[in-house]
Amino acid sequence: MNLASSLGIENPPKPLTEFKDLIEERAGAEGGAFIYNPKVDDIAGKYGVIGPDGVRMLVMGTVDKGGSGCMCPASAFLRALLRHLMLREKSAVILDMEAGIEHLGRGTTRGMDIMIVVVEPGARSLETAERIKKLSSEIGIKHIAAVINKGGAGKVNARLEELGIPVLGEIPFDQQLMQADLEKRAPIEIGGEAVDSIVKIKEKLIEIVEEIRKEEEASKK
């Protein structure tokens, strides 16, 4: 819900599912025949909003009320867009999914290089991480890693290693992060320990992704 302000975007884009005419034009109308593979290669450029650090944000959208009818055209449209962004675009694509495991059941996350699980220092969060690892492997996601939130995670770190989930890093509890939130400012503008740790996590993530790409290239030879 608050991703736009976290990126420093004052006017977030509308969810794509709200563009009914666009979806009908590209994928068909609700309740009737629909196009399974609609045209989507111009969507990011037209409907994405660019933040101050160059990140382009798109909001996919979802069903927001019961009895809203068949979402087949909208689902086909969003699936095609995700497939295009992940498989054809050369830039890095980060999907911020809803907390939980529902998107794994729907297969939305197929085609990712790596899935990152944000783990809180507690037993229930670890159980969810274990479940996510199992479901990820079942839909073909080979690489999974964890980021530990709120720090103080010695035992959590060890448990994740037991589960075979490498840890990218820890984000400490940081008052400056809370202050940025209260002021509706991007954390990167204020800085602090949490932001410094996130920068290190990003650097480690880039290293891992490069290793994954090298492995894939080697396997094709």
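Values in this document were obtained by computation on a predicted structure and should not be read as measured data.

I'd like to hear about the overall build of the protein, residue by residue, with values.
A count of helical and extended segments in the protein gives ten helices and five strands. A buried classification covers 34% of the 221 residues belonging to the protein. Just so you have it, the protein exposes about 14300 Å², and 52% of that area is on carbon and sulfur atoms.

An account of unusual backbone geometry is requested, with residue identities and associated values reported.
Residues other than glycine seldom take positive phi values, yet lysine 184 does so here, at roughly 55 degrees. Inspection of the secondary structure assignment puts lysine 184 in the loop between helix H8 (175-182) and helix H9 (187-190). According to the relative accessible area criterion, lysine 184 is exposed, its value standing at 71%.

I'd like a description of a negative patch on the surface, backed by residues and values.
On the surface, Asp113, Glu203, Glu207, Glu211, Glu215, Glu216 and Glu217 cluster together into a patch of negative charge. When you line up the elements, glutamate 217 lands in helix H10 (residues 193-220).

Quick rundown of helix H7 (residues 154-162)? Include the residues and the values.
Within the sequence span of H7, burial applies to Val156, Asn157 and Leu160. For H7, the buried positions fall inside an angular range of 100 degrees around the axis, keeping them on one side. Set apart from the buried face of H7 by more than 90 degrees, the exposed residues are Gly154, Lys155, Glu161 and Glu162. At the C-terminal side of H7, glycine 164 shows a positive phi close to 80 degrees.

Describe in detail the nonpolar core, supporting the description with residues and values.
Core analysis: the largest hydrophobic core is formed by 17 residues, its most contacted members being Val117, Val119, Ala129, Val156, Leu160 and Ile165. Secondary structure elements with two or more residues in this core: strand S3 (115-119), helix H6 (123-138), strand S4 (144-150) and H7. Apart from the residues lying within four places of it in its own chain, the contact partners of valine 156 are Val119, Pro121, Gly122, Leu126 and Ile148. Of all hydrophobic cores here, the second largest spans 15 residues; its members include Leu16, Ile23, Ala27 and Leu78.

Break down helix H4 (residues 72-87) for me, with residues and values.
Taking 1.5 Å as the rise per residue, H4 with 16 residues should run 22 Å; its terminal C-alpha atoms sit 22 Å apart, in good agreement. Every buried residue of H4 is accounted for by Pro73, Ala74, Ala76, Phe77, Leu78, Ala80, Leu81, Leu82, His84 and Leu85. Residues of H4 that are buried sit in contact with helix H2 (20-27) and helix H3 (43-47).

Quick one: what's the story with the confidence of the model for the protein, residue by residue and with numbers?
Of all residues in the protein, 85% attain a pLDDT of 70 or more, and the chain-wide mean is 83. The least confident element of the protein, judged by mean pLDDT, is helix H5 (residues 102-106) at 61; the most confident is strand S5 (residues 167-172) at 93.

Tell me what's going on with the environment of lysine 155, and back it up with residues and numbers.
Checked against the element boundaries, lysine 155 lands in helix H7. Taking the relative accessible area as the measure of exposure, lysine 155 reaches 78% and is therefore exposed. In sequence terms lysine 155 and glycine 122 are 33 residues apart; their C-alpha atoms lie 9.4 Å from each other.

Describe the pairing of S4, with residues and values.
Of all the seven residues making up S4, five are buried; the element is thus mostly covered by neighbouring parts of the structure. By the bridge criterion, five bridges tie S3 to S4 in an arrangement that is parallel. Looking at the pairing, isoleucine 116 lines up with alanine 145 of S4. In this region the chain leaves S3, passes through H6 and returns to the parallel neighbour S4; the handedness of that crossover is right-handed. The pairing of S4 with S5 spans five bridges and is parallel. Bridge pairing links alanine 146 to valine 167 in S5.

Definitions and limits used
Residues numbered from 1 in each chain as written. Predicted model: local features only at pLDDT ≥ 70, side-chain atom pairs only at ≥ 80, totals over all residues. Heavy atoms only, no water. Helix = DSSP H or I, 4+ residues; strand = E, 2+ residues; numbered from the N terminus. Buried < 20%, exposed > 50% of the residue type's maximum accessible area, 1.4 Å probe, protein only. Areas by Shrake-Rupley, 256 points an atom, 1.4 Å probe, with all protein chains shown as cover. Patch = residues over 30% accessible without salt bridge, like charges linked within 9 Å, V, L, I, M, F, W, Y side chains within 5 Å. Salt bridge = Lys/Arg side-chain N within 4 Å of Asp/Glu carboxyl O. Lys, Arg positive; Asp, Glu negative; His and termini not counted. Charge placed at Lys NZ, Arg CZ, Asp CG, Glu CD. Arc of directions from axis to C-beta. Core = buried A, V, L, I, M, F, W, Y, C linked by side-chain atoms within 4.5 Å. Contact = heavy atoms within 4.5 Å. Expected span 1.5 Å × (residues − 1). pLDDT = per-residue confidence, 0-100. Pairing = 2+ DSSP bridges. Right-handed = clockwise from strand over helix to strand, strands pointing away.

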